[in-house]
Amino acid sequence: MDKNFQEEFMQITKFEPPLYKQRHQFVKDLVEKYRPKKVADLGCADCSLLRMLKFCSCIEVLAGLDICANVMQEKMHTLSPLPVDYLQPSERSLTVTLHHGSVAHKDPCMLGFDLVTCIELIEHLEESELKKFPEVVFGFMAPSIVVISTPNSEFNPLFPRVMLYRHPDHKFEWNQAQFQSWALETARCYDYSVEFTGVGHPPTGMEKVGFCTQIGVFVRKYPPTGESVQCEKPTEAVYKTVFKAVYPSLKDEKYLQNAVISEVIFTAQIIKHRLISKREEYGDDPERKSKFQPSMDCFSDYLGKLVLEKNMEPFVSGNEVYIPLATIFSFPKVSRLCGTFEKLCKLIAGKVTLSSDGSAVMFNIEHENEEN
């Protein structure tokens, strides 16, 4: 439903937060409960639900579908990666795609989704489209979970400006019995269970009116067989893709390598500065500098423990500082990024200056001394 239109007629009954935000929060809570990897929003309109869901860490594929391409195109830029996404790539992969088309048509790009949302959609469908809708969503797409929300017409008398329907594009609005009858029959035909709930509580004393927005949560009883899906798969696509964004991810070797190199250099630079500062403090007294003793901050406490327990001591030789790769790999963020020491060596090969035997990161401090 158009948010501005909704706010115009809801003058008497106020919802806090606004009703559309409650619907979106309902979906987000469901995502956090079931942790789906692939989510499709049918009737995505201005993409506001997709914008919220792209921050859910479990989701790797987001898709939107709408019959009105113009509405999607006005807001689709908000689904693009931001500069910070490139500076700090996520550990998960994320692809967001928008399609122009009708929910009455089947397209193979909508196969394989775990969760499909239809928020305030079905009341916009013509009778012929509504008849095809269950077969497309529950029969062909066959996701594990389907969420359908629609206006509850029994709530309409509480809106004095609503004469027939809440929105001029609505083709119908069901009462609770009508929605539940349709949902139960749909669930029976396609082997789903369904639970009913909603958002937008009625005023005290009018509980029988029900929620302002009624919601059905459908859960598939049995996983679809590969053969049945393959038999119904169309040979040609019918939707037009209007937007696609692939977010930078550490699962991509290019972004992972950049992140590892940055972290290795950052860690090595800090160790180098600690080592040089102590070298300058102890001077040439061999008794005072017999062991590398870091200053007492959190980073150096950890480094000192590595030196004492694992004999991985950084050292200075002339104008060169050597930081063992084994020491760098022992820092949690580096080891988490690389997974194995071998992977660390592979990712930084040729990208970071190493000692002749490749066992340590090497810095030349001659120029630093000249500047100082």
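Residues numbered from 1 in each chain as written. Predicted model: local features only at pLDDT ≥ 70, side-chain atom pairs only at ≥ 80, totals over all residues. Heavy atoms only, no water.

**Overview of the overall build of the protein**
So, step 1. A count of helices and strands for the protein gives 14 helices and 11 strands.
So, step 2. Relative to its full complement of 372 residues, the protein shows a buried share of 46%.
So, step 3. Pairs at least 24 apart in sequence give 72% of the contacts found in the protein among residues at least 6 apart.
So, step 4. Surface exposure of the protein reaches about 19600 Å², of which carbon and sulfur atoms provide 52%. (Helix = DSSP H or I, 4+ residues; strand = E, 2+ residues; numbered from the N terminus. Buried < 20%, exposed > 50% of the residue type's maximum accessible area, 1.4 Å probe, protein only. Contact = heavy atoms within 4.5 Å. Areas by Shrake-Rupley, 256 points an atom, 1.4 Å probe, with all protein chains shown as cover.)

**Digging into the pattern of salt bridges**
So, step 1. Under the criterion given, the structure shown has eight salt bridges.
So, step 2. For lysine 131, the salt bridge is made with glutamate 127, and the minimal N-O distance between the two is 3.9 Å. With lysine 131 and glutamate 127 both in helix 6 (residues 127-141), this residue pair falls four residues apart, about one helical turn. Accessibility classification places lysine 131 together with glutamate 127 in one group, the exposed group.
So, step 3. A salt bridge links lysine 333 to glutamate 263, with the shortest nitrogen-to-oxygen separation between them at 3.6 Å. Highlighted residues: lysine 333 in helix 12 (residues 332-338) and glutamate 263 in helix 9 (residues 253-282), separated in sequence by 70 residues.
So, step 4. With a relative accessible area of 44%, lysine 333 lands in the partly exposed category. (Salt bridge = Lys/Arg side-chain N within 4 Å of Asp/Glu carboxyl O.)

**Notes on helix 7 (residues 176-189)**
So, step 1. Given a rise of 1.5 Å per residue, 14 residues ought to cover 20 Å, and the 20 Å separating the end C-alpha atoms of helix 7 matches this to within 8%.
So, step 2. Within the sequence span of helix 7, burial applies to Phe179, Trp182, Ala183, Thr186 and Ala187. Angular distribution of buried residues about the axis of helix 7 spans 130°; they occupy a single face of the element. Turned more than 90 degrees away from the buried face of helix 7 sit Ala177 and Arg188, all of them exposed.
So, step 3. Two to three positions downstream of the cap, the backbone nitrogen of alanine 177 sits 3.1 Å from a side-chain oxygen, assigning the N-cap of helix 7 to asparagine 175.
So, step 4. One or two steps after helix 7, the chain reaches aspartate 191, where phi turns positive at roughly 60°. (Expected span 1.5 Å × (residues − 1). Arc of directions from axis to C-beta. Polar contact = N/O pair within 3.5 Å; in protein donor to acceptor, adjacent residues only side chain to side chain.)

**Overview of the layout of surface pockets**
So, step 1. Its boundaries defined by the atoms lining it, the second largest pocket holds a volume of some 300 Å³.
So, step 2. What lines the second largest pocket is a set of 14 residues, and nearest its centre among them are Leu87, Gln88, Pro89, Ala259 and Lys333.
So, step 3. Elements that contribute at least two residues to the lining of the second largest pocket include exactly helix 5 (83-87), helix 9 and helix 12.
So, step 4. Top contributing element to the lining of the second largest pocket by residue count: helix 9, with five residues.
So, step 5. Grouping the constituent residues of the lining of the second largest pocket by class yields seven nonpolar, three polar and four charged. (1 Å grid on protein atoms, 1.4 Å probe; cavity = no way out; pocket = protein on both sides within 12 Å on 5 of 7 lines; lining within 4 Å. Points joined across faces, edges and corners; volume = space filled by probe spheres on them. Nonpolar A, V, L, I, M, F, W, Y, C, P; charged D, E, K, R; others polar.)

**A closer look at the nonpolar core**
So, step 1. One finds Val31, Leu53, Ile59, Leu98, Val147 and Phe243 to be the most contacted residues of the largest nonpolar core, which totals 39 residues.
So, step 2. Those elements giving two or more residues to this core turn out to be helix 2 (19-34), helix 3 (48-53), strand 3 (95-100), strand 4 (115-119), strand 5 (145-151), strand 7 (213-220) and strand 8 (240-246).
So, step 3. The element that contributes the greatest number of residues to this core is helix 2, accounting for five residues.
So, step 4. Excluding anything up to four places from it in sequence, phenylalanine 243 contacts Met76, Leu79, Ser80, Val96, Thr97 and Leu98.
So, step 5. Grouped together as the second largest cluster of nonpolar side chains are 31 residues, Ala63, Leu130, Ala187 and Val194 included. (Core = buried A, V, L, I, M, F, W, Y, C linked by side-chain atoms within 4.5 Å.)

**A word on the side chain of arginine 166**
So, step 1. Looking at where arginine 166 falls in the secondary structure, it is placed in the loop between strand 5 and helix 7.
So, step 2. Although arginine 166 lies buried, it forms no salt bridge, and the closest oppositely charged side chain, glutamate 173, sits 4.2 Å away as judged by the N-O distance.
So, step 3. Within the structure, the side chain of arginine 166 is placed 2.8 Å from the backbone oxygen of asparagine 152, a separation counted as a polar contact.
So, step 4. From its side chain, arginine 166 meets the backbone oxygen of cysteine 212 in a polar contact 3.0 Å long. (Lys, Arg positive; Asp, Glu negative; His and termini not counted.)

**Overview of the packing of aromatic side chains**
So, step 1. Within the structure shown, the criterion is met by 13 aromatic pairs.
So, step 2. Ring centres of phenylalanine 172 and tryptophan 174 lie 4.6 Å apart, and the angle between their planes is 35°; on these two criteria the pair is classed as tilted.
So, step 3. The buried category is assigned to phenylalanine 172, whose relative accessible area is 13%.
So, step 4. Grouped by ring-pair contacts, the aromatic residues Phe133, Phe172, Trp174, Phe179, Trp182 and Phe196 constitute a single cluster.
So, step 5. Sitting above the plane of the phenylalanine 363 ring, lysine 272 keeps its charged end 4.9 Å from the centroid. (Phe/Tyr/Trp six-rings, centres within 6.5 Å; stacked < 30°, edge-to-face > 60°. Lys NZ or Arg CZ within 6 Å of the ring centre and 35° of its normal.)

**Quick look at the sheet that holds strand 11 (residues 360-364)**
So, step 1. Read from one edge of the open sheet, three strands run 9-10-11, paired in antiparallel fashion. Lying at the two open borders of the sheet, with one neighbouring strand each, are strand 9 (315-317) and strand 11. Averaged over all pairs of adjacent strands, the angle between their axes in this sheet comes to 25°, without regard to strand direction.
So, step 2. As defined by bridge partners, strand 10 (residues 320-324) adjoins strand 11 across five bridges and the pair is classed as antiparallel. The residue of strand 11 that forms the bridge with isoleucine 323 is valine 361. (Pairing = 2+ DSSP bridges. Axes fitted to C-alpha atoms, helices over the stretch in contact; angles between N-to-C directions.)

Read these as spatial facts, not as claims about activity.
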